[in-house]
Amino acid sequence: MGSVYNSIIAGLTEAVEDTQYGSGKLKKRVVTIMPVKEYNSKQIHDIRKRTGLS
């Protein structure tokens, strides 16, 4: 487990340093997450019946 801990600490240290000093080592990305579609009970019933799942 020590190596996992060391790996996590190294990654966090690198992220903090990049944020504080702007070293530019890390790539930054913007991710857009689509809203989750909401289903009413009738739609869920129909989907379960169509797929054969309970």
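Above this text you will find the structure in question.
Structure report, in brief. What you see as residue numbers is a count from 1 along each chain, following the sequence as written. Local features are withheld for residues below a pLDDT of 70 in this predicted model, meaning they are given only at 70 or higher, and side-chain atom pairs are given and counted only at 80 or more; totals for whole chains, interfaces and linings count all residues. Values shown for side chains rest on all heavy atoms present in the structure; no hydrogens or waters enter the calculation.

**Quick word on the overall build of the protein**
Heads up, the condition is: Each helix corresponds to a stretch of at least 4 residues labelled H or I by DSSP, and each strand to a stretch of at least 2 residues labelled E; elements are numbered beginning at the N terminus. Our radius of gyration is a C-alpha quantity, and the globule rule it is checked against amounts to 2.2 Å times the number of residues to the power 0.38. Relative accessibility under 20% of the residue-type maximum defines a buried residue, over 50% an exposed one, and the middle range a partly exposed one, all with a 1.4 Å probe and only protein chains included. Areas reported as accessible are Shrake-Rupley estimates using a 1.4 Å probe. Residue values count occlusion only from the protein chains shown.
A tally of helices and strands in the protein yields two helices and zero strands. Against the globule reference of 10 Å for 54 residues, the protein gives a C-alpha radius of gyration of 22 Å, more extended than a compact globule. Its C-alpha atoms put the protein at 55 × 30 × 15 Å along the principal axes. In the protein, which comprises 54 residues, the proportion classed as buried is 2%. Per element, the accessible surface of the protein, about 5600 Å² overall, is 59% carbon and sulfur.

**Quick look at the pattern of salt bridges**
Defined as follows: Whenever Lys or Arg places a side-chain nitrogen within 4 Å of a carboxyl oxygen from Asp or Glu, that contact is recorded as a salt bridge.
Under the definition given, this model contains one salt bridge. Measuring nitrogen to oxygen at the nearest pair gives 3.1 Å for the salt bridge that ties K42 to D46. In this pair, K42 and D46 both sit in helix α2 (residues 41-51), four residues apart, roughly one turn of the helix. Looking at K42, the relative accessible area reads 52%, which means it is exposed.

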